Amino acid sequence: MTLPYLRKEYLLAAHPTTWFFIWLGALVLVPAYPYSVVFFFAMLAPSLDLVYAKQTNDILYTALLPAGKAGVVRGKVLYTFTFQTAMLLLTIPWALLRTLYIQTNHAGINANMTYFGLGLLALAVFDYLFLTGFFKTGTKIGWPYFWGTLAALILLGVMETLPHLPGLSWVNSVQPAALLHQLPFLVVGLIAFIISFFWTLRISIRNFKRVDL
Amino acid sequence: MTNDSLLAVSHLTKHYPQFTLQDVSFTIAPGTIMGMIGVNGAGKSTTLKSIAGLVNPTSGTIQLAGAENLAVMLGETVYYPEKKLAAITKTTRQFYSQWDEDQYRYYLRFFNLDDQKKVKELSTGMQIKYQLAVTMSHHASMLILDEPTSGIDPVSRDAIRQVFRHYVADGRHSILFSTHITTDLAAIADTITYIHAGTVLYSAAKADFIDHFRREFSLGVDAPLNFDDIMIKIERKDSDDSAIPA
């Protein structure tokens, strides 16, 4: 019964800009650009989606479907995580293409393993704070978005700072040997993202069941 | 819940800071239509939303036959205004294993609905008719309808009453609807529940309901009394002209 909720999110509920945001990983092709911004777009899209859901009465519509309020949460959490996963998967080809012709980003970290790993970690923390916070009320988006973005900002700030610390320039490299060293960042980011999905789903369902619509 | 009812609401209570729904109880038998009346803010929507699982009751129980296939329509709530009816239906029907496409197509024709139109292109009445078409197309045992005829012209209301009657005619389905339009109660309700200030004032079969209030108002057995009269006698507040600011 989960798949129909995901399908409903993309066919009925998704904000039209979803289909624009999903391609914004292509920003890693810009020669000098703070690529962390890509993750902020990955956080902005789900928040616009919830604003749109309020306008279209999507939450009420979904709550009246067979799974009730749990179905609302399932749909929104699945939408957020699948959208971000798709966005980052679509970023990988651009990152590889970019590495072929230019290997230094003067405006921030390169789109390498460190970038994807710590970016996933930032998204994992944002999604948990944003969605579990939103589902305490089902209406208020501002504060959950603020706290989620603040936490992500700190993590992405750490990511941008790391290459400038003594002895850590390898975290910014796109050379194959350095990429292997960066692999733990990616593994940690992936594990955090997966754990966040299940925690976010569980806590959000618990929170939203207490809400009166 | 007994075998004689599709819905049994027992001692339903919900506390809000400004309002309390207190000890609401009633049952609905298969093949019947219950009309729920009361003024704005009396507690009708809170009762219906509690049954629909949108509101968490403070106490009480709700027992519903076929709870996994409940059909709820909240009148005048507009969903997905930018989407075509066909797109909404295509998505909605995947949630219901008992979806009946022939039934749905029949209701579209009966209500003169074009499912290639966007929701925002429909009048309020047509939007409600579309929601009814969807709501009645997955063979839900129980239809819960909040103000289904509000804002609808008399001809369309008559059409809606016809489909309601048809829906319960097999004796396996029931409808609970709230309304302010007392002619709907007279036309289609088998039983009536009156909600006043968060409590059930009276709940009975239509004829018994009228008789009860004839006795309450000390009227003769054959004295004319309609639902408007009952509501006005119960709810009327006489204005004090001297208290109105000049």
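This report concerns the structure included in the present document. (Residues numbered from 1 in each chain as written. Chains lettered and ligands numbered in written order. Predicted model: local features only at pLDDT ≥ 70, side-chain atom pairs only at ≥ 80, totals over all residues. Heavy atoms only, no water.)

This part takes up the overall build of chain A. Secondary structure assignment for chain A yields 8 helices and 0 strands. The secondary structure elements of chain A, listed N-terminal to C-terminal, are α-α-α-α-α-α-α-α. For 213 residues, the compact-globule estimate of 2.2 N^0.38 gives 17 Å, and chain A sits close to it at 18 Å. For the C-alpha atoms alone, the extent of chain A along its principal axes is close to 55 × 30 × 30 Å. Buried residues in chain A amount to 54% of all 213 residues. Summarising the internal contacts of chain A: among those between residues at least 6 apart in sequence, 81% fall at separations of at least 24. Taken as a whole, chain A presents about 9,400 Å² of accessible surface, with 76% of it coming from carbon and sulfur. Here chain A carries 13 positive and 6 negative side-chain charges, and the mean point of each set is 7 Å from the other. (Helix = DSSP H or I, 4+ residues; strand = E, 2+ residues; numbered from the N terminus. Rg over C-alpha atoms; globule rule 2.2 N^0.38 Å. Buried < 20%, exposed > 50% of the residue type's maximum accessible area, 1.4 Å probe, protein only. Contact = heavy atoms within 4.5 Å. Areas by Shrake-Rupley, 256 points an atom, 1.4 Å probe, with all protein chains shown as cover. Lys, Arg positive; Asp, Glu negative; His and termini not counted. Charge placed at Lys NZ, Arg CZ, Asp CG, Glu CD.)

This part is about the interface of chain A and chain B. Note on interface size: it is often stated as the accessible area lost on association of the parts. If you look at the interface, chain A gives 25 residues, while chain B gives 25 residues. Interface of chain A and chain B: buried area, both sides summed, is about 2,100 Å²; carbon and sulfur atoms make up 59% of it. Taken together, the links from chain A to chain B amount to 1 salt bridge. Lys 14 of chain B is paired through a salt bridge with Asp 212 of chain A; the nearest N and O atoms lie 2.6 Å apart. The tally of links from chain A across to chain B stands at 14 residue pairs in polar contact (both at pLDDT 80 or more). Counting residues per element, the ones that place at least two in the side of chain A that touches chain B are α1 (2-13) and α4 (58-63) of chain A. Of all the elements, α1 of chain A adds the most residues to the side of chain A that touches chain B, at 7 residues. Its residues placed into classes, the side of chain A that touches chain B shows 15 nonpolar, 3 polar and 7 charged. (Buried area = accessible area lost by both parts, 1.4 Å probe. Salt bridge = Lys/Arg side-chain N within 4 Å of Asp/Glu carboxyl O. Polar contact = N/O pair within 3.5 Å; in protein donor to acceptor, adjacent residues only side chain to side chain. Nonpolar A, V, L, I, M, F, W, Y, C, P; charged D, E, K, R; others polar.)

In this section: the packing of α1 of chain A against helix α5 (residues 68-101) of chain A. Residue and element names in this part refer to chain A. Across the interface, α1 lies against α5 with an axial gap of 8 Å and an inter-helix angle of 70°. When the axis of α1 is compared with that of α5, the two are roughly perpendicular. Relative to α5, α1 is oriented so that their crossing is right-handed. Listed contacts from α5 to Thr 2, Tyr 5, Leu 6, Glu 9, Tyr 10 and Ala 13 of α1 are Gly 68, Gly 71, Arg 74, Gly 75, Lys 76, Leu 78, Tyr 79, Thr 82 and Phe 83. In terms of residue class, the contact of α1 with α5 is made up of 7 nonpolar, 5 polar and 3 charged. (Axes fitted to C-alpha atoms, helices over the stretch in contact; angles between N-to-C directions. Parallel < 35°, antiparallel > 145°, perpendicular 65-115°, else oblique. Left-handed = near helix turned anticlockwise from the far one by under 90°.)

Here the focus is the sheet that holds strand β5 (residues 71-74) of chain B. Residue and element names in this part refer to chain B. Spatially, the 6 strands line up as an open sheet ordered β5-β6-β7-β3-β8-β9, and their pairing is mixed. Both edges of this open sheet fall to β5 and β9 (199-205), since each of them pairs with a single strand only. For this sheet the average axis-to-axis angle between neighbouring strands, irrespective of direction, equals 15°. Direction of pairing for β5 relative to strand β6 (residues 142-146): parallel, over a ladder of 4 bridges. (Pairing = 2+ DSSP bridges.)

Residues and elements named next belong to chain B. Note that strand β8 (residues 191-196) and β9 share 6 bridges and pair antiparallel. If you follow Thr 193 over to β9, its bridge partner there is Ser 203. Between the end of β8 and the start of β9, which pair antiparallel, lie 2 residues, with Ala 197 showing a positive phi angle near 50°.

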